[in-house]
Amino acid sequence: MPEIALYRKYRPDSFTNLVGQDHVRTTVLNALKEDHVSHAYLFCGPRGTGKTSAARLIAKAVNCANPKEGNELCGECDICVDTAEGRLIDLIEIDAASNRGIDEIRDLKEKINFAPTRAKHKVYIIDEVHMLTKEAFNALLKTLEEPPSHTFFILCTTEIHKVPETIISRCQRFDFKRIDVKTMMTRLNFIAQNEGIEAEDKAIEAISRHVDGGLRDAIGLLDQLTIDKKLTFENVQAVLGISDIGTIEGLYSSLVNKDAQGAINTINKLHTEGIDLAQFVREFLDYLRGLMLGKIDKGEVDELPSIISLIDTFQEASYGIKLSAIPQLPLEMAAVRFCHGELKVIETEPAPVSKKESREHKAIVKGNPVSDEKIPFTISRLKENWPRVLENISIPSARRSLGESKPLQVEGNEVTFEFMTKFHMEKVLAQDARADIEKAFEKVFGKQVKVIGHLKKVELTSESSEGPDLASDAVEIFGGELIED
Ligand SMILES: [Zn+2]
């Protein structure tokens, strides 16, 4: 497997080259200087962050025949070379994940008191120590209580919560950090240059962001995705299913401009291109998080509510992607909710003046200029502009009752509405309400109209056991619709 080859090649050979774990380097070098190296270290942290590499560095450091100034390894003596090549008999590496360590720990107990064969000290590295059986932990604990002076232990784990407290308390603990994107990019660029790989910055950045702080995975991907000494963003994107920063910025821009259609187009394009939408949302949220932190850092708080609302909306949508029969639907809904949800809040303001303002505001945030042009008055235009007519009616009961009707026909300056109930028709035709409604028409269509009401005839089958009056009463009370046979 070539990715392992490249990772092995660039495994740190000195504390100076231990990437992203400065706190470990400083403390260990200091301990070496003062001859206070702990006999038991516990390294915990996410996979691929350099725990085993650091453990091997310590194994070399306590044994190196010619340490350099500042206790850095010489890298040249027999011990350093043999350790690097995995040949040093006094370095014993146990992988607790493979068989849960029962035989190894038994063996360890038997041989622990034997002096080292070649080096000054014996070093035990136990990888994934949390996987040890209870018996193995107990045996290890006994050994850790009184380690022979020629022995060092370095325990590594990705799951510290599974390591018994009795073990933890006997070790000096180091928490290995996820390696930040910038540090990771520097390291990948260094390797690419050294290997004569022509790597696009975007490709290096995409890999660095993808691996969640694990350098080993990043180097593995660099190796795996390089074709003929070239690492292109296109290839990284295709293999990892990640998206272009331009797409992410484009989606953000559509959303803040309340362009729901634009946002939906982007989401569908991603889906068609086979992009993993769950991962895309993660990247989008990561982008928003970066924006939020940047704004806080600069003290620019104006855009924060909008960014936070986007994070909330899309975070919620991300939970639904895996469950949805149509994977893009939760994202489309998030886009619509974000673009139109706020408008709905503005539209419910009661005062007639703010009604008008809200309509204009809507036009502005949608990116359309406010148009004062009046619309030709026909039935189809009326149906298209129905919501605008309703929102221009200032008397709430008139608006509600007209909303219950159906525009039936337009003839000249007369507009006829069909009502299911007398109740709503009378509300609409009451003098004040009617005047208010006609004014709304004038605002939208620039035309004086006359509102006419028409009550829908309710016909019942003759077989009906209910009397017609009763049925129409019911319709009147419940505002329903009678279905004719
Ligand atoms: Zn050496």
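In every chain, residue numbers begin from 1 and rise along the written sequence. For this predicted model, a pLDDT threshold of at least 70 governs which residues receive local features, and a threshold of 80 or more governs which side-chain atom pairs are given and counted, while totals over whole chains, interfaces and linings are taken from all residues.

Undergrad: Account for the confidence of the model for the chain, with residues named and values stated.
TA: For every residue, the predictor assigns a confidence score, pLDDT, that lies between 0 and 100. The predicted model of the chain has a mean per-residue pLDDT of 83, with 86% of residues at 70 or higher. Contact between two residues is assigned whenever their backbone-derived C-beta positions fall within 7 Å. With pLDDT under 50 throughout, residues 342–372 is counted as low confidence; its partners more than four residues away or in other chains account for 21 contacts. Predicted confidence is poor over residues 461–485, with pLDDT under 50, and the contacts of this stretch with residues over four places away or in other chains come to 21 contacts.

Undergrad: I'd like a rundown of the nonpolar core, residues and numbers included.
TA: Nonpolar core, as used here: buried Ala, Val, Leu, Ile, Met, Phe, Trp, Tyr and Cys residues forming one set through C-beta atoms within 7 Å. In this scheme the burial state of a residue depends on its C-beta neighbours within 10 Å: 20 or more other such atoms mean buried, 12 or fewer mean exposed, and anything in between means partly exposed; the C-beta positions come from the backbone. Ranked by size, the top nonpolar core spans 45 residues in total, and within it Y41, F43, I58, I154 and L155 carry the most contacts. A run of H or I in DSSP becomes a helix once it reaches four residues, and a run of E becomes a strand once it reaches two; helices and strands are each numbered from the N terminus. With 6 residues, the single largest contributor to this core is helix α3 (residues 51–61). Look past the residues within four positions of Y41 in its chain and what remains in contact with it is I58, I154, L155, C171, Q172 and F174. Judged by nonpolar contacts, the second largest core, of 22 residues, contains Y7, I204, L221 and L225.

Undergrad: Kindly report on helix α21 (residues 396–403), identifying the contributing residues and their values.
TA: Those residues of α21 that fall on the buried side of the exposure criterion are A398, R399, S401 and L402. Residues of α21 that are buried in the fold lie against α20 (386–391), β9 (414–419), α22 (422–429) and α23 (431–445).

Undergrad: Which residues make up helix α9 (residues 181–194), and what are the values?
TA: The end-to-end C-alpha separation of α9 is 20 Å, in line with the 20 Å expected for 14 residues at 1.5 Å each. Looking at α9, one finds that the buried residues are M184, R187, L188 and I191. For α9, the arc enclosing every buried residue in end-on projection is 95°, short of the 170-degree limit, so these residues lie on one face. Looking at α9, the residues exposed on the side facing more than 90 degrees away from the buried face are K182 and Q193. Against the buried residues of α9 lie α10 (201–210) and α11 (215–225). Multiplying 1.5 Å by the residue count of a helix minus one yields the expected span of that helix. Here, the arc refers to the directions that run from the helix axis to the C-beta atoms.

Undergrad: Now, about unusual backbone geometry: what can you tell me, with residues and values included?
TA: Phi is positive for D35, which is not a glycine, with a value near 55°. As for its position among the elements, D35 is in the loop between α2 (22–33) and β1 (40–44). According to the C-beta neighbour criterion, D35 is exposed, with 7 such atoms within 10 Å.

Undergrad: Describe the pairing of strand β3 (residues 122–127), listing the residues and the values that go with them.
TA: Most of β3 is tucked away: 6 of the 6 residues are buried. The alternating pattern of β3 places K122, Y124 and I126 and V123, I125 and D127 on opposite faces, both of which are buried. Two strands pair when backbone bridges link them, and β3 and strand β4 (residues 151–157) are joined in this way by 5 bridges, in the parallel orientation. Bridge pairing in β4 links I126 to L155. Read from β3 through helix α7 (residues 134–145) to β4, the crossover connection turns out right-handed. Two strands pair if DSSP finds at least two bridges between them. Orient the strands so they point away from the viewer; a crossover is then right-handed if the path from the first strand over the helix to the second runs clockwise.

Undergrad: So what about the packing of α10 against helix α12 (residues 233–240)? Which residues, and what values?
TA: When two helices pack together, you describe them by how their axes are tilted relative to each other and by the distance separating the axes. Angles run from 0 to 180 degrees between N-to-C directions of axes, and those axes are lines fitted to C-alpha atoms, restricted for helices to the stretch in contact. Contact geometry for α10 and α12: axes closest at 8 Å, N-to-C directions at 30°. Judged on the interaxial angle alone, α12 and α10 are roughly parallel. α10 and α12 meet at a crossing whose hand is left-handed. Along the contact surface, α10 presents K202, A203, A206, I207 and H210, while α12 presents F233, V236, Q237 and L240. Side-chain classes are defined by residue name, with Ala, Val, Leu, Ile, Met, Phe, Trp, Tyr, Cys and Pro counting as nonpolar, Asp, Glu, Lys and Arg as charged, and the others, Gly among them, as polar. For the contact of α10 with α12, the residue count by class is 6 nonpolar, 2 polar and 1 charged. Any angle that is under 35 degrees is reported as roughly parallel, and any over 145 degrees as roughly antiparallel; angles of 65 to 115 degrees are reported as roughly perpendicular and all others as oblique. By definition, any crossing whose near helix is turned counterclockwise from its far helix by less than a right angle is left-handed, and any crossing with a clockwise turn is right-handed.

Undergrad: With reference to specific residues and values, describe the sheet that holds strand β8 (residues 406–411).
TA: If you walk across this open sheet you meet the 3 strands as β8-β9-β10, and the pairing is mixed. Both edges of this open sheet fall to β8 and β10 (450–455), since each of them pairs with a single strand only. Averaged over all neighbouring strand pairs, the angle between strand axes comes to 25°, with direction disregarded. Bridge count for β9 against β10 is 6 bridges, and the pairing is parallel.

Undergrad: So what's going on with the sheet that holds β1? Residues and values would help.
TA: Taking strand neighbours across the sheet as the criterion, the 5 strands line up as β2-β3-β4-β1-β5 in an open arrangement whose pairing is parallel. Looking along the sheet, the strands with just one partner apiece sit at the ends: β2 (91–95) and β5 (172–175). When strand polarity is set aside, the average angle formed by the axes of neighbouring strands in this sheet is 15°.

Undergrad: So what's going on with the environment of I168? Residues and values would help.
TA: With respect to the secondary-structure elements, I168 resides in helix α8 (residues 165–168). Residues I168 and L141, spaced 27 residues apart in sequence, show a C-alpha to C-alpha distance of 9.8 Å. Setting aside residues no more than four positions away along its own chain, I168 makes contact with L42, V163 and R173.

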